[in-house]
Protein chains: 2
Amino acid sequence: MSEMTSPSVAFLLYPDVTQLDLTAPAQVFSRLGGQTIHLVAASMEPVATDCGFSILPTAPFGEVTRADILCVPGGHGCVAAMEDEETLGWVRAVGGKAAWVTSVCTGSLILGAAGLLAGYRATTHWAWRDYLSLFGAEPVAERVVFDRNRVTGGGVTAGIDFALALTAEIRGDAHAKAVQLGLEYDPAPPFDAGSPEAAGPELASFVAERGRRESPTRDARIRAAAACMQPA
Amino acid sequence: MSEMTSPSVAFLLYPDVTQLDLTAPAQVFSRLGGQTIHLVAASMEPVATDCGFSILPTAPFGEVTRADILCVPGGHGCVAAMEDEETLGWVRAVGGKAAWVTSVCTGSLILGAAGLLAGYRATTHWAWRDYLSLFGAEPVAERVVFDRNRVTGGGVTAGIDFALALTAEIRGDAHAKAVQLGLEYDPAPPFDAGSPEAAGPELASFVAERGRRESPTRDARIRAAAACMQPA
């Protein structure tokens, strides 16, 4: 268990983020006790999420230069974030000093582009998993992956499991169980369709192909970002 | 299955909302297909959530007078919302005409205060369940409760299960399964502590009592709101 009496958590906030990648772990971390949570963006302007509403940053990049926990959410906007030197520079600087360097969903590709996952086991959204190796990471098909101080969660809703697991690591099991109970996290999915294995190959390829159609330049842009990767 | 080619979803947004109660179903409903999602508040000013950041409304009460789906999230701010005639008036007006009248967590108490749950089976956060009967609702210890066109979810994270279940009702099982897979909703909670039964009486009473200590006037204020309830 780490020693953190008043843990600081910094989330990267960027346009077209999958907002649940950020909002779910933020809800969990808001119950760490004594925490400070920052949503950090290029400016203080509202940031449009993928759900048609905007979230306000709490600080611009220049004002948050360190955090105990860095958490990078995913979303289709991750590709543009990986191409933005200012964003990568902030992630690299804060991640280089953070006690925990973390991500949810395709946020791990941003960590990768910032050079923070080379030589680490990591996960991401199942449909994007193959990209991880472009950044020198070892892709792992698990929901939450701890490797030293890197903690990466799978797609979107894995952010809840990720944040509870990290809460247990920082605050102990009893605290994490109380948070889980407070959030009534006793999941009852209506279907057994949450992983490609459970959903079956037909549905999995339908969902994966639709994602590719929605961002046809994704492959080329991620490969270009990987080619430009600077070691952290 | 309902007929909705372009479903409109209106979330109530109010101060000190438990943001995950809103953001989780918003993420699911953002994949209904052809949807419009509104976050509706008293004004267009940013609304402070319980997690130290603010969300921007997309419309004020006066601009959204109908919706196919009304969804009311919960949170400690629900008590003040139940005391606000303007808020209740909007919930009553939109809920009276909506195809689906829904809530997550203690949002059901706001529906109750607006007179929309009298005579309906409903659920809420486990630690607040007893309040439901003050509003003429029949409290049910289930994660998602359908009763005619009222759909209520349990505490916080139940919003995911609720929204997937309603998606299946509106768009069919195949569509809902694709959404579930896209969100990689294959939950793996680190502990079996998400319900009071699983967590055990000691942890459950610790969490419930802490909630009461944090809002000591809650009981009296909810009872007063119930006494003022007007039928929808």
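Here's a quick rundown of the structure. Model, not experiment: these values are computed from the prediction.

Residues and elements named next belong to chain A. Along its 13 residues, helix 3 (residues 85-97) runs 19 Å from first to last C-alpha, staying within 8% of the 18 Å computed at 1.5 Å per residue. The complete set of buried residues in helix 3 reads Thr 87, Leu 88, Trp 90, Val 91, Val 94 and Gly 95. Buried positions in helix 3, seen along its axis, are confined to an arc of 160° and lie on one side of it. Residues of helix 3 that are exposed and point over 90 degrees away from its buried face: Glu 85, Glu 86 and Lys 97. Close packing links the buried residues of helix 3 with strand 1 (8-12), strand 6 (69-72), helix 2 (78-82), strand 7 (100-104) and helix 4 (107-113).

Expressed as a screw transformation, the operator carrying chain A onto chain B has a rotation angle of 180° and an axial translation of 0.0 Å, and the superposed copies differ by an RMSD of 0.0 Å. The operation mapping one copy onto its partner corresponds to a two-fold rotation axis. Ranked by how close their C-alpha atoms come to the rotation axis, the residues of chain A are headed by Ile55(A), at 2.3 Å. When the interface residues of chain A are mapped onto chain B, 100% of them again lie at the interface, so the same face is used by both copies.

Residues and elements named next belong to chain A. Burial within strand 7 is extensive, with five of its five residues counted as buried. Side chains Trp 100, Thr 102 and Val 104 of strand 7 all project onto a buried face; the interleaved residues Val 101 and Ser 103 project onto the opposite face, where all are buried too. Here strand 6 pairs with strand 7 via four bridges, running parallel. Of the residues in strand 7, the one forming a bridge with Ile 69 is Trp 100. As paired strands, strand 7 and strand 11 (residues 150-153) are joined by four bridges and run parallel to one another.

How big an interface is tends to be stated in terms of accessible area lost as the parts join. Counting from both sides, the interface comprises 57 residues of chain A and, opposite them, 57 residues of chain B. Contributing elements (two or more residues each) for the side of chain A that touches chain B: helix 1 (19-29), strand 2 (36-41), strand 4 (54-55), helix 5 (158-171), helix 6 (173-182), helix 7 (196-199) and helix 8 (201-214) of chain A. Taken together, the residues of the side of chain A that touches chain B break down into 35 nonpolar, 15 polar and seven charged.

Okay, the sheet that holds strand 5 (residues 59-60) of chain A next. Residues and elements named next belong to chain A. In space, the seven strands of this open sheet follow the order 5-2-1-6-7-11-10, with mixed pairing throughout. Strands with a single pairing partner mark the edges of an open sheet, and in this sheet they are strand 5 and strand 10 (144-147). Here strand 2 runs beside strand 5; their pairing, made up of two bridges, is parallel. Residue pairing across strands places Ala 41 opposite Pro 60, the latter belonging to strand 5. Where helix 1 meets the sheet, its contacts fall on strand 1, strand 2, strand 6 and strand 7, and the angle it forms with strand 1 comes to roughly 170°. Packing of helix 3 onto the sheet brings it into contact with strand 1, strand 6 and strand 7, and relative to strand 6 it is tilted by some 145°.

Counting 161 residues, the largest nonpolar core has Phe11(A), Leu13(A), Ile110(A), Phe11(B), Leu13(B) and Ile110(B) as the members making the most contacts within it. When neighbours within four sequence positions are excluded, Phe11(A) is seen to be in contact with Leu22(A), Ala26(A), His38(A), Leu39(A), Val40(A), Cys71(A) and Pro73(A).

Conventions and cut-offs
- Residues numbered from 1 in each chain as written.
- Chains lettered and ligands numbered in written order.
- Predicted model: local features only at pLDDT ≥ 70, side-chain atom pairs only at ≥ 80, totals over all residues.
- Helix = DSSP H or I, 4+ residues; strand = E, 2+ residues; numbered from the N terminus.
- Expected span 1.5 Å × (residues − 1).
- Buried ≥ 20, exposed ≤ 12 C-beta atoms within 10 Å, placed from the backbone.
- Arc of directions from axis to C-beta.
- Contact = placed C-beta atoms within 7 Å.
- Least-squares fit on C-alpha atoms with pLDDT ≥ 70 in both.
- Pairing = 2+ DSSP bridges.
- Nonpolar A, V, L, I, M, F, W, Y, C, P; charged D, E, K, R; others polar.
- Axes fitted to C-alpha atoms, helices over the stretch in contact; angles between N-to-C directions.
- Core = buried A, V, L, I, M, F, W, Y, C linked by C-beta atoms within 7 Å.

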